Amino acid sequence: MLNLAQNVVHKVASSVQHVEEEILGLFTMTDNKIMDLIYATHVHADETFDDDSLFIIVENILKRATQIVDKVVQGSQVHVENIEEQTPKPNFSVPLCTLKQIGCELSCKAPGEDVAHKTTLSILNKLSTYSWEAKSVLALAAFAMEYGDFWLLAQLQHTDHLAKSVGMLKRVPILTKPADLHKRRQAILELNNLIKATLQVIEIFDQFDKLSAYDPKDIPGLSIAMDHIPVDVYWSILTIVACSTKLTILSSDEPDKPHDLSPYSQKIHYILNKLKIQLIVCRRQLEEAETYRKLRKMVQTPTEVMEVFKALTFTKDKPQPLIDGSTNKTVNIEVLRRKNIFLFISTLEITEEDISILKPIYEGTRKDDRYKIVWIPVVEQWTIELQKKFETLRSKMPWFTIQSISPTVGIKFIKEEWHFKGKPTVVVMNPQGKVENPNALHLIRLWGMRAFPFDKAADETLSKELTWIGPVVNNIDPIIQTWIKEEKYIFFYGGHDNEWIQQFTKRATTLANDPVIKDSKIKIELFCIGKSGKGGEDHGIIGRFWSGIESLFFTKVHKQVDPVTQEIQKLLSYKNESGWAVLSKGSTVVTAGHGLTILRVLEDFEKWKEVAREKGFEFTFKEYHNRVIQSVRHCCRLDIPSATGKTPEIMKCPECPRTMEMFISYKCCHIDGPAAGHH
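Just so it is clear, the model here is predicted, and its values are computed rather than measured. Each chain carries its own residue numbering, running from 1 in the written order of its sequence. Given that the model is predicted, a residue must reach a pLDDT of at least 70 before its local features are reported, and side-chain atom pairs must reach 80 or more before they are shown or counted; all residues, however, enter totals for whole chains, interfaces and linings. The basis for every side-chain value is the complete set of heavy atoms in the structure, and neither hydrogens nor water enter the calculation.

### A few points about the confidence of the model for the protein chain
Along the chain, pLDDT gives the predictor's confidence residue by residue, from 0 to 100. Averaged over the protein chain, the pLDDT score is 81; the fraction of residues at 70 or greater is 84%. Helix numbering and strand numbering both begin at the N terminus, where a helix is a DSSP run of H or I of at least 4 residues and a strand a DSSP run of E of at least 2. Per-element confidence in the protein chain ranges from a low mean pLDDT of 43 for helix H1 (residues 2–24) to a high of 93 for strand E4 (residues 371–377). A low-confidence stretch, residues 673–679 (pLDDT under 50), is modelled with 22 contacts involving residues beyond four sequence positions or located in other chains. We call two residues in contact when some of their heavy atoms are within 4.5 Å.

This is the structure we're talking about:
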């Protein structure tokens, strides 16, 4: 028996200590602790209850009641606002018994945080089946019945005998006597302001509830706010309890009984400010999502190209003017109306060479008003340094520039829909806002104005060209253009292994000077890409060459595989090998080969040179090279810059029928510009 008594005493003591710990730190209690306490009171959310209609009634009551208080206490000093009367649904039934039960919980409670906390939990238990928003509205409605009634009687007591008598029962005269009113003026205003703030908090709960009807992906910030609503509901009901107690004290015989509302006011204003910020963020996110969808629809359906620009910049107000690079003055966006637009999209990490690629296009179209070039700088977070860099780059561009673009709409769209990953790109749009080419920069880099107007038709025509090596090497050295015009055979070769380059040069020279070749009137020239010397490799030539090959690859990668595509893919796979070579006749490619296989063909020249005399050099060289490929096996590796645009999900091997494995690698060459494409 003694042990049993001791256990009971111990449990009671522990329980008391637990409650004391709970209450002692009411305003320092963690959100997780509050969540544990209040979720114990929550059974399920009855979504059928029309809390919107109840809130309309409560808002009508409290807005008028608080206005009466301000007018009574402050007199002519207060600004009276026009309150718009809202109407609940006609069939709404007020849950009067529930409101009276909550009213009983609120009535005549002693001051103190512990009482307020226990009363709040008791109210939450009574409202266990309602949604969290409905709980706060019901608690506020029960308080509004009392507060609204009190101040309605205060307003009518001097003109209505019934109001005067009922007001006496409610102790209205005690608070509204001029002497008492003046004495308690500050306390009444504090109470009134706290009620207004609490009403605003609960109104925002309703705003969040309405936003929850939208797709969560459109409003990522909503889940953060909604997850915290139960705790905010707890604090709003706790504040309602404190306000009810304060009203009781102010209309009692002990109006000076201590009951400080400032901790509740600080808490509810903190919550109000937090919710306001979250609501602004959520509405902004929704607006951006809707603008993003609108932008996608614009691009997919015929519309005015200028409207696409407005959506890209995402400005509600008048769109910012463009900067005309030729005059350095701003011009209205109207200059783009009904025009074909070449959108030059890039970060600020571009070189003068990137800009120079577009200058012939600008010169070729400047007199044709139907075509305009516009630079869109992709910058997510501007700084003073970036602004300076922007101005420097802009000064080198004679075409138009967009001054700003929305990170959350425009930049997101460019990245997701146009697959922009950092490398410069040119999107071609027609006057109806339709994308004619998602990345024409590859075409422009290779063919220049020959590919004009850089749409799909031009792309298709040029992609069938067998003379694909020409546009890649034309700008490397003037002598190459002469060889191409003379329809000479040309070996273009290079690699990382100087010893291989020397061996190839020696063997190819021997081949070119062989009597069999000379007698056949075959002229062979050699051009080394990436020749090593005292200054190291010529990164400019290497960079331009491989940029050209990559551009060729990207003009063909999403089309049906043909022999030309296969040859380009094969050559690109040799980019990081010790050696490689391409044999062309003029600008028509005969074959491309890995260093191992192409060198073997040259080494075995004595074995096939007599066949070449009969069947021809070109046919024999290609046939023998194909035989060597079958006997010499090496891994084929294809490096595709992910920043260049949309990359293929599946890639067939250029040397066998298998599908290539996909790997992810990272690289830095410690240099800027095209040379960065070389290890």
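Read on for the rest.
### Section: helix H25 (residues 595–603)
Accessible area is worked out with a 1.4 Å probe on protein chains only. A residue is then buried under 20% of its type maximum, exposed over 50%, and partly exposed in between. Buried within H25 we find Gly595, Thr597, Ile598, Leu599, Val601 and Leu602. Buried residues along H25 sit against strand E8 (489–494), helix H21 (498–512), strand E10 (580–585), strand E11 (588–594), helix H26 (605–615) and helix H27 (617–631).

### Observations regarding the pattern of salt bridges
For salt bridges, the criterion is a side-chain nitrogen of Lys or Arg within 4 Å of an Asp or Glu carboxyl oxygen. For the structure shown, the criterion picks out 27 salt bridges. A salt bridge links Asp368 to Arg370; its shortest N-O distance comes to 2.8 Å. Here Lys488 and Glu525 are joined by a salt bridge, their closest N and O atoms 2.9 Å apart. Here the residue Lys488 occupies a position in the loop between helix H20 (478–485) and E8, and Glu525 occupies one in strand E9 (residues 524–528), the gap between them amounting to 37 residues. What you see here is one network of salt bridges that share partners, running through Asp52, Asp206 and Lys210.

### Focus on the packing of helix H12 (residues 262–300) against helix H16 (residues 407–417)
For helices, the axis comes from a line fit to the C-alpha atoms of the stretch in contact; other axes are also lines fit to C-alpha atoms, and the angle between any two N-to-C directions lies between 0 and 180 degrees. Relative to each other, H12 and H16 sit at 50 degrees, their axes nearing to 10 Å. Judged on the interaxial angle alone, H16 and H12 are oblique. As H12 packs across H16, the resulting crossing turns out to be right-handed. Of the residues in H16, those touching H12 at Glu288, Thr291, Tyr292, Leu295, Arg296 and Val299 are Thr408, Val409, Lys412, Phe413, Glu416 and Glu417. We call two directions roughly parallel when the angle between them is under 35 degrees, roughly antiparallel when it is over 145, roughly perpendicular when it lies between 65 and 115, and oblique otherwise. Here a crossing is taken to be left-handed if its near helix is turned anticlockwise relative to the far helix by less than a right angle, and right-handed if that turn runs clockwise.

### Looking at helix H14 (residues 352–365)
With 14 residues, H14 ought to run about 20 Å at 1.5 Å a step, and its terminal C-alpha atoms sit 20 Å apart, in line with that. Bend, in this description, refers to the angle at a residue between axes fitted to the seven residues ending there and the seven starting there. Largest kink in H14: about 25 degrees, centred on Leu358, with the proline Pro360 one to four residues after it. Among all positions in H14, only Asp354, Ile355, Ile357, Leu358, Ile361, Tyr362 and Thr365 are buried. On its buried face, H14 sits against strand E3 (340–346), E4, helix H15 (384–394), strand E6 (425–429) and helix H17 (441–447). The span one expects for a helix is its residue count, reduced by one, times 1.5 Å.

### Digging into unusual backbone geometry
Following Phe452, the chain continues to Pro453 via a peptide bond in cis, the omega torsion being 5 degrees. One non-glycine residue, His419, adopts positive backbone phi at about 55 degrees.

### Structural notes on the sheet that holds strand E7 (residues 435–437)
A pair of strands is labelled paired if DSSP reports no fewer than 2 bridges between them. With mixed pairing, seven strands are arranged side by side in an open sheet as E2-E1-E5-E4-E3-E6-E7. In this open sheet, the two edge strands, each paired with only one partner strand, are strand E2 (329–331) and E7. With two bridges joining them, strand E1 (residues 322–324) and strand E5 (residues 400–401) adopt antiparallel strand pairing. Residue pairing across strands places Ile323 opposite Thr401, the latter belonging to E5. Sitting on the sheet, helix H13 (residues 305–313) touches E3, E4 and E6, and the angle it makes with E3 is about 25 degrees.

### Concerning the pairing of E10
The element E10 is extensively covered by neighbouring structure, given that five of its six residues are classed as buried. Of the strand pairs in this sheet, E8 and E10 are connected by six bridges, and their pairing is antiparallel. Of the residues in E10, the one forming a bridge with Ile490 is Ser584.

### Focus: the sheet that holds E8
On the basis of which strands lie adjacent, the open sheet formed by four strands has the order E9-E8-E10-E11 and mixed pairing. Looking at strand neighbours, the two that pair on one side only are E9 and E11, the edges of this open sheet. With strand direction ignored, the average angle separating the axes of adjacent strands in the sheet is 20 degrees. Across six bridges, E10 lies against E11 in antiparallel orientation. Looking across to E11, one finds that Val582 is bridged to Ala592. H25 rests against E8, E10 and E11 of the sheet, and its axis sits at about 110 degrees to E11.

### Considerations on the packing of helix H5 (residues 113–126) against helix H11 (residues 222–250)
Where H5 meets H11, the axes come as close as 9 Å, and the angle between the chain directions of the two elements is 120 degrees. With respect to the hand of their crossing, H5 and H11 are arranged in right-handed fashion. Contact with H5, carried on its side by Ala116, His117, Thr119, Thr120, Ile123 and Leu124, involves Tyr234, Ile237, Leu238 and Val241 of H11 and no other residues of that element. The residue inventory of the contact of H5 with H11, partitioned by class, reads seven nonpolar, three polar and no charged. Basically, the charged four are Asp, Glu, Lys and Arg, the nonpolar ten are Ala, Val, Leu, Ile, Met, Phe, Trp, Tyr, Cys and Pro, and anything else, Gly included, counts as polar.

### Things to note about a nonpolar patch on the surface
Each patch groups residues whose relative accessible area exceeds 30% and which form no salt bridge, using 9 Å between like charges and 5 Å between nonpolar side chains of Val, Leu, Ile, Met, Phe, Trp and Tyr. Exposure was quantified through the Shrake-Rupley algorithm and a 1.4 Å probe, taking into account, for residues, occlusion by the shown protein chains and nothing else. Where nonpolar side chains cluster on the molecular surface, the patch consists of Val94, Leu96 and Met145 and spans about 230 Å² of accessible area. With respect to the helices, strands and loops of the structure, Val94 is situated in the loop between helix H3 (51–74) and helix H4 (96–106). Take Val94: its relative accessible area is 39%, and that puts it in the partly exposed class.

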